[in-house]
Amino acid sequence: ALALCETCDDFERQFPDYSHNIDALIDFYVSSLREVDRLQREFEQSVSDTMASASSMNEIIEKARSKYRNLSSKVQDLFIRHVEKAGWPPLGRLSNADLFESKITPKLQESGHKVALFMIDSLRYELGVALEQQLAEDDPAELMAAMAQLPSITSVGMAGLLPGAGNTLKLTKEDKKVIPLLGTAKITSVKQRMDVMRNRYGQRFEEMKLAEFIKPRKKIQPDVDLLVIRSVEIDAYLETDPELTLRLIQDSLKRIRVAINKLKGMGFHEVVIATDHGFFLNPHTEAGDVSTKPNGDWLFVHDRLALGDGVSDSANFVFSASHLGMRGDFKKVAGPRSLVAYRAGELYFHGGISLQECIVPVIAIRLSKEQPIKEKARIK
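Residues numbered from 1 in each chain as written. Predicted model: local features only at pLDDT ≥ 70, side-chain atom pairs only at ≥ 80, totals over all residues. Heavy atoms only, no water.

### So, the overall build of the protein
Here is step 1: Of regular secondary structure, the protein possesses 14 helices and 15 strands.
Here is step 2: Radius of gyration (C-alpha) of the protein: 22 Å, near the 21 Å computed for a compact globule of 380 residues.
Here is step 3: Projected onto its principal axes, the C-alpha positions of the protein cover 80 × 55 × 35 Å.
Here is step 4: Expressed as a percentage of the 380 residues in the protein, the buried residues total 53%.
Here is step 5: Nonlocal contacts in the protein, meaning residues at least 24 apart in sequence, comprise 73% of its contacts between residues at least 6 apart. (Helix = DSSP H or I, 4+ residues; strand = E, 2+ residues; numbered from the N terminus. Rg over C-alpha atoms; globule rule 2.2 N^0.38 Å. Buried < 20%, exposed > 50% of the residue type's maximum accessible area, 1.4 Å probe, protein only. Contact = heavy atoms within 4.5 Å.)

As structure tokens, this is what we get:
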């Protein structure tokens, strides 16, 4: 609690120096401000693990939560105002929708060059920093910040990681749901997403879940050059019970490291780790911690965003869909200006627009070859 409060105070003093435009704010977040998210996550994990709910601890816990929430609210207010001016994604930044064509396709142009793409659900930026630090102990690793595809939900975010998404991804409405399209093809399931890559790469492609891949006897065909490894563990933990499952996130990061070590033994040359969206932890819930819905004809998405048509108000922004990098059947996008949802009591949320939801990590690792164990010569 003390570390979280002190860090919030430090960043609040620095905040005005990085507030003049969206690029300065993103650079501030990527370089240092994301550290407060790590401290908050570890603080909440500590509260849960120690069952620190005795009345003697309540004041300390609420003080730390209030500090974090106050800083996050100030950052959020500025971020929304910058997005209103600059749009999303900001020019010159790596967009998640362009990731495959810019980071994966060139590597696969050489036959026999083996690349593994990890598609990890809900790996927010500060978790990417922690993961990169672990992986860099074994191999050279580069951490980059990417701009998530909006809305920051799994179906859209994972479709945005597919080949050609930057030019062909569109959104349509069907049965009161948002449906991602690549061109004219619906991409609503894991199978449909994987079929996009299978159709492009044929027998050079294979995919499986992370939990399946790390099993000792699991093998892949030698002619596979693109292996996609999928994990939804972090998102599943937090959707189920964020207060009790935060400690399990570290287990997911360890599994990724185990998988990468296994890939090295299989002759893979490079690994790219990407995600669909980040998230915000909101344990400091109060009676008024809910946003009123904007007036208009809206399809509400994951309690943090709305697509359709209507007008803004004091609680909600309304932007054109094209201003936020969205193509398709929806004219406008609305969402809460503050870090709240359209439903009360949400402790873990994504889908909307905040630094925590929209700035995501990309980690590129160049695998070194495993060195054979050398035996000393024995003289008989």
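### Overview of the pattern of salt bridges
For side chains bearing opposite charge, pairing can occur when the charged atoms are close.
Here is step 1: For the structure on display, the rule yields 35 salt bridges.
Here is step 2: Here E101 ties to R200 by a salt bridge, and the two come within 3.0 Å at their closest N and O atoms. Linking E101 in helix α5 (residues 99–108) with R200 in helix α9 (residues 190–201), this pair joins segments that are 99 residues apart in sequence.
Here is step 3: Judged by relative accessible area, which is 40%, R200 ranks as partly exposed.
Here is step 4: Beyond isolated ion pairs, a larger network of salt bridges with shared partners links K191, D195, R198, E207 and R230. (Salt bridge = Lys/Arg side-chain N within 4 Å of Asp/Glu carboxyl O.)

### Points about the sheet that holds strand β8 (residues 270–275)
Here is step 1: Ordered in space as β2-β15-β8-β1-β7-β6, the six strands form an open sheet in which the pairing is mixed. The sheet is open, and its two borders are formed by β2 (141–147) and β6 (205–209), each paired with just one other strand. Between one strand axis and the next, the sheet turns by 20° as a mean value, whatever way the strands run.
Here is step 2: Bridge count for strand β1 (residues 115–120) against strand β7 (residues 226–231) is six bridges, and the pairing is parallel. Residue L117 lies in a different strand from β7, and its bridge partner there is V228.
Here is step 3: In the packing of helix α13 (residues 249–265) onto the sheet, contacts are made with β1, β7, β8 and β15 (359–366), and the angle to β1 comes to roughly 165°. (Pairing = 2+ DSSP bridges. Axes fitted to C-alpha atoms, helices over the stretch in contact; angles between N-to-C directions.)

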